[in-house]
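# Architecture and fold: a report
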Amino acid sequence: MQTRDLAAAARAAQGRVVNAAVAPLPRLRALHARDLPELMTIENAAYEFPWTQGIFSDCLAAGYECWVLEDGGQLLGYGVLSAAAGEAHILNVCVAPAHQHCGLGRLLVRRLLDLARWHRAAQVFLEVRPSNPNAIALYHSEGFIQIGVRKGYYPAHGTREDAIVMGMDLLPPSH
Ligand SMILES: CC(C)(COP(=O)(O)OP(=O)(O)OC[C@H]1O[C@@H](n2cnc3c(N)ncnc32)[C@H](O)[C@@H]1OP(=O)(O)O)[C@@H](O)C(=O)NCCC(=O)NCCS
């Protein structure tokens, strides 16, 4: 390689490093009622059996932890957690299909786990469809283990699907 080619390659590499360093991360912020129409386009695209907008409104009204990932004014995903009496439940984690498998689901789950700890929850639980291996792999890799099965928990085409119940201890037993 000629020196000027090397210099150009170095400048290009430097540019990549600089760009990577300043590339803004999606912002995590609280969900507002005004976000619900945009959120529902993601919910309807990502799930075969989506929640209704009313369920999200109820979660907001109940004071659940409802968070969105936003980039340049566009919603990329969201998560919902309830926490009470030393237990937390992850109720929804969803990433827009075009942005899946880029690390955003993990970012959301980690934020929800931080919120569960902030609420002093000793354990966190969730339900997941056995037909959702991506979500199961994500939860396993964050430390969840299967603790049970709820028979016929989810709607399915002409039938019902079981739920795998997963859980994780958040605090050492001495807390
Ligand atoms: C499940 C979901 C939230 C994961 O979000 P994501 O942004 O795609 O996941 P991440 O990129 O953070 O990946 C985290 C892990 O999930 C698993 N995973 C996610 N997408 C995967 C895919 N397409 N293939 C295989 N594993 C996948 C992997 O274990 C991955 O870890 P790795 O990247 O180290 O292999 C997302 O697929 C989604 O929104 N699905 C539709 C809604 C849903 O099913 N929510 C869960 C309800 S319980």
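Preceding this section is the structure that the text describes.
Figured I'd write up the structure that's included with this text. Being a predicted model, the structure only gives us computed values, none of them experimental. (Residues numbered from 1 in each chain as written. Predicted model: local features only at pLDDT ≥ 70, side-chain atom pairs only at ≥ 80, totals over all residues.)

On to the site of the ligand. Not every one of the 19 residues close to the ligand is listed here, only the nearest: Gln-100, Gly-105, Arg-106, Ala-137 and Leu-138. Those elements that place two or more of their residues in the shell around the ligand are β4 (87-95), α4 (104-118) and α5 (133-141). It is α5 that provides the largest number of residues to the shell around the ligand, a total of five residues. A per-class count over the shell around the ligand returns eleven nonpolar, seven polar and one charged. (Near = placed C-beta within 6 Å. Helix = DSSP H or I, 4+ residues; strand = E, 2+ residues; numbered from the N terminus. Nonpolar A, V, L, I, M, F, W, Y, C, P; charged D, E, K, R; others polar.)

Even without glycine at this site, Ala-85 takes up a positive phi of about 50°. Summarising the element assignment, Ala-85 is placed in the loop between β3 (74-84) and β4. For Ala-85, a count of 8 C-beta atoms within 10 Å translates into the label exposed. For Arg-120, which is not a glycine, the phi torsion comes out positive at approximately 65°. (Buried ≥ 20, exposed ≤ 12 C-beta atoms within 10 Å, placed from the backbone.)

With that settled, the discussion passes to the nonpolar core. Tyr-78, Leu-81, Leu-112, Ala-116 and Val-124 are the most contacted members of the largest nonpolar core, which has 35 residues in total. If you list the elements that add at least two residues to this core, you get α2 (36-46), β2 (65-71), β3, β4, α4, β5 (123-128) and β7 (159-169). In terms of residue count, the dominant contributor to this core is α4 (six residues). Not counting residues up to four positions away in its chain, the partners in contact with Val-124 are Ala-88, Ile-90, Leu-113, Ala-116, Gly-167, Met-168 and Leu-170. (Core = buried A, V, L, I, M, F, W, Y, C linked by C-beta atoms within 7 Å. Contact = placed C-beta atoms within 7 Å.)

Before going further, it helps to examine the packing of α2 against helix α3 (residues 53-61). Each pair of packed helices can be described by the angle between their axes along with the distance between the axes. Contact geometry for α2 and α3: axes closest at 10 Å, N-to-C directions at 125°. With respect to α3, the axis of α2 lies oblique. Where α2 crosses over α3, the two elements pack in a sense that is right-handed. Here Leu-36, Leu-39 and Met-40 of α2 lie close against α3, whose contacting residues are Gln-53, Phe-56 and Ser-57. (Axes fitted to C-alpha atoms, helices over the stretch in contact; angles between N-to-C directions. Parallel < 35°, antiparallel > 145°, perpendicular 65-115°, else oblique. Left-handed = near helix turned anticlockwise from the far one by under 90°.)

Sheet analysis places β3 next to β4, joined by eight bridges and oriented antiparallel. By the bridge assignment, Gly-77 is partnered in β4 with Val-95. The pairing of β4 with β5 spans four bridges and is parallel. Considered in β5, the bridge of Ile-90 is made with Leu-126. Since β4 and β5 lie parallel, the crossover through α4 that links them has a hand, and here it is right-handed. (Pairing = 2+ DSSP bridges. Right-handed = clockwise from strand over helix to strand, strands pointing away.)

The next thing to look at is the sheet that holds β4. With mixed pairing, the seven strands of this open sheet are ordered in space as β1-β2-β3-β4-β5-β7-β6. Both edges of this open sheet fall to β1 (27-30) and β6 (145-156), since each of them pairs with a single strand only. Each adjacent strand pair in this sheet contributes to an overall mean axis angle of 25°, direction not counted. Each of β2, β3 and β4 is contacted by α2, which is oriented at about 85° to β3, the strand it contacts most.

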